[in-house]
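Each chain is listed here by its residues.
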Amino acid sequence: MTDRTPEEILKGPYGPAPRAAERIFDTARELFYREGIRAVGVDEIVTRAGVTKPSLYRSYKSKDDLVAAVLREVETGFWARFEAAEALHPNDPKAQMIAYFEVLARRSRGDDYRGCNLSNAVVEYPDRQHAGRQVAQAHKHELRERLRAKATEMGASDPKALGDAMMLLIEGVFTSSQMFDGDDKPALAVVGAIKALIAADCPA
């Protein structure tokens, strides 16, 4: 049994097509990021994915469950980038954070950059009981703790304050980069800002 039409099968490559659940997930992830989670309905997701609505509900009990699943993958991607910056500079937490912010600044340059889906979800869903909001908020709490721990590793005079300042810089990039275009984004100043913060709060 397939969700593809005969025309799609005839035109498509040999071998199995992506499963309906995979197409639903990938389509939802793209649409949620580009257009906003609440703006995208189930009908649009299944139409763009080329599947039926029952296919979606066989994989996810509701749109909210799909939202939570997408945000969990977004979180996995976030930590992969964060930990890659750490791996570039073993035992050097200052260089690790500067490397992370350098990558963040580069990623924010694109006019199609929509910040962080997790941050956007917190704004879109004021209800703290919403499944997507809970995934996003738990991630932000963990990020705050990891940034404070990183500040402690740096030898900051006030690790909590430095950790929270780094958190604010990250969230500032996510938000402000959606308001400005091209090379005129305030987010591009973030590398200089993090270097200044580290220099001010951490003894040489």
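Summarised in this report is the structure supplied together with it. Treat the numbers as computed from the prediction; the structure is a model and nothing was measured.

A few words now on the pattern of salt bridges. Enumeration according to the criterion identifies 15 salt bridges in this entry. The residue Asp43 makes a salt bridge to Lys53 at a minimum N-O spacing of 2.6 Å. Here the residue Asp43 occupies a position in helix H3 (residues 42–49), and Lys53 occupies one in helix H4 (residues 53–59), the gap between them amounting to 10 residues. Residue classification places Asp43 among the partly exposed residues on the basis of a relative accessible area of 47%.

Moving on to helix H8 (residues 131–154). Here H8 contains 24 residues, and its C-alpha end-to-end distance of 35 Å stays within 8% of the 34 Å for a straight helix at 1.5 Å per residue. The complete set of buried residues in H8 reads Gly132, Arg133, Val135, Ala136, His139, Lys140, Leu143, Leu147, Arg148, Lys150, Ala151 and Met154. Along its buried surface, H8 packs onto helix H5 (63–88), helix H6 (93–107), helix H7 (117–124), helix H9 (159–176) and helix H10 (190–201). Residue Gly155 follows H8 closely and has a positive phi angle near 85 degrees.

With that settled, consider H6. Counting along an α-helix, one turn takes 3.6 residues, and residues three or four places apart therefore face a common direction. The terminal C-alpha atoms of H6, which comprises 15 residues, lie 21 Å apart, in line with the 21 Å expected from a rise of 1.5 Å per residue. Within the span of H6, buried status applies to Pro93, Ala95, Gln96, Met97, Ile98, Ala99, Tyr100, Phe101, Leu104 and Ala105. Of the surrounding elements, those touching the buried residues of H6 are H5, H8, H9 and H10.

With that out of the way, let us pick up unusual backbone geometry. Of note, Asn91 is a non-glycine position whose phi angle comes to about 65 degrees, a positive value. Locating Asn91 in the fold gives a position in the loop between H5 and H6. A residue is classified by how much of its surface remains accessible, and Asn91, at 78% relative accessible area, is exposed.

Definitions and limits used
- Residues numbered from 1 in each chain as written.
- Predicted model: local features only at pLDDT ≥ 70, side-chain atom pairs only at ≥ 80, totals over all residues.
- Heavy atoms only, no water.
- Salt bridge = Lys/Arg side-chain N within 4 Å of Asp/Glu carboxyl O.
- Helix = DSSP H or I, 4+ residues; strand = E, 2+ residues; numbered from the N terminus.
- Buried < 20%, exposed > 50% of the residue type's maximum accessible area, 1.4 Å probe, protein only.
- Expected span 1.5 Å × (residues − 1).
- Contact = heavy atoms within 4.5 Å.

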